[in-house]
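Architecture at a glance
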Amino acid sequence: MGGGKGGSDFDPQGKSDMEVMRFCQAFMTELCKHIGPETDVPAGDIGVGAREIGYLFGQYKKIRNEFTGVLTGKGLAYGGSLIRPEATGYGVVYFAEQMLKTIGQNFQDKIVTVSGFGNVAWGVIKKATELGAKVVTISGPDGYIYDKDGISGEKIDYLLELRSSGNNRAEDYAKKYPSAEFHAGKRPWDVKCDVAFPSQLKTN
């Protein structure tokens with residue numbers, strides 16, 4: 001199932017949609033010579049979401065004149081998987097759930113801390129909450145949020161807005177929900193919890 005890694009030094013932060021699109025098209029113009037459904041099927045990673053995959057796949061189709069399963073992470077309209085955004089975070093929680101079962105426990109009423117608020121963190125929060133846990137933290141490069149009331153319902157939906165905005169600032173969550181505490185320049189690991197999920201690039 002692969003395991004190779006590749007990428008570029010293009011930083012999408014602060015770039016317009018058109019700049020990102022032009023880069024993706026130029027990147028795929030060269031990459032398309034080396035990938036295919038029977039050769040190699042790349043997947044998005046850090047900085048690459050459905051938007052970027054859409055631009056890449058569009059250029060691939062244009063050059064190769066074929067609609068094939070050559071990139072994972074596509075939108076549903078392009079043959080993508082229904083639960084792809086949640087998959088990694090859900091998988092982490094399912095694994096933790098099995099570990100809890102070995103000691104006769106489950107997620108019900110557990111206090112959970114999470115770092116990050118990207119795809120993985122969002123999936124973790126969504127699934128852990130569904131299983132009865134209370135998630136009380138998220139974090140970004142600017143610091144972490146402690147929400148004693150728990151991150152659930154519309155707050156989980158708001159994480160999608162935060163992520164898509166591209167600014168990666170956890171502090172914006174506290175502006176939206178003033179009862180939450182923002183701790184600048186810190187990580188959430190000093191918050192007492194039952195289960196902790198490191199779910200961002202830097203977790204130290």
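Right, let's walk through the structure included here. Just so we're clear, the structure is a prediction, and the values are computed from it rather than from any experiment.

1. Examining the overall build of the chain
In terms of helices and strands, the chain carries 6 helices and 6 strands. Listed by position from the N terminus, the elements making up the chain come as α-α-α-β-α-β-β-β-α-α-β-β. Viewed in the frame of its principal axes, the chain has a C-alpha envelope of about 55 × 40 × 30 Å. Every one of the 204 residues in the chain was classed for burial, and the buried ones make up 35%. As displayed, the chain offers around 11600 Å² of accessible surface, 53% of which is attributable to carbon and sulfur atoms.

2. Considering the sheet that holds strand β1 (residues 111–114)
Pairing within the open sheet is parallel, and its 3 strands lie in the order β2-β1-β6. Single-partner strands in this sheet number two, and they are β2 (134–135) and β6 (195–197).

3. Some words on the packing of aromatic side chains
Counting across every chain of the model gives 8 aromatic pairs. Here the aromatic rings of phenylalanine 57 and phenylalanine 67 are separated by 5.3 Å at their centres, their planes lie at 85°, and the arrangement is edge-to-face. Separated by 10 residues along the polypeptide, phenylalanine 57 in helix α2 (residues 50–64) and phenylalanine 67 in the loop between α2 and α3 (84–101) bring together distant segments of the chain. Taking the relative accessible area as the measure of exposure, phenylalanine 67 reaches 53% and is therefore exposed. A ring pair is formed by tyrosine 158 and tyrosine 177, whose centres lie 5.8 Å apart and whose planes are at 80°; its orientation type is edge-to-face. Of the two residues, tyrosine 158 is situated in helix α5 (residues 154–165) and tyrosine 177 in the loop between α6 (171–176) and β5 (181–184); the sequence distance between them amounts to 19 residues. The pair tyrosine 158 / tyrosine 177 is uniform in exposure class, with both members buried. Taken together, Phe10, Phe23 and Phe27 form an aromatic cluster joined through their ring pairs. For lysine 15, the ring lying beneath its charged end belongs to phenylalanine 10, and the centroid distance is 5.2 Å. Between lysine 127 and the ring centre of tyrosine 90, over which it is positioned, the NZ or CZ distance is 4.6 Å.

Basis of the calculations
Residues numbered from 1 in each chain as written. Predicted model: local features only at pLDDT ≥ 70, side-chain atom pairs only at ≥ 80, totals over all residues. Heavy atoms only, no water. Helix = DSSP H or I, 4+ residues; strand = E, 2+ residues; numbered from the N terminus. Buried < 20%, exposed > 50% of the residue type's maximum accessible area, 1.4 Å probe, protein only. Areas by Shrake-Rupley, 256 points an atom, 1.4 Å probe, with all protein chains shown as cover. Pairing = 2+ DSSP bridges. Phe/Tyr/Trp six-rings, centres within 6.5 Å; stacked < 30°, edge-to-face > 60°. Lys NZ or Arg CZ within 6 Å of the ring centre and 35° of its normal.

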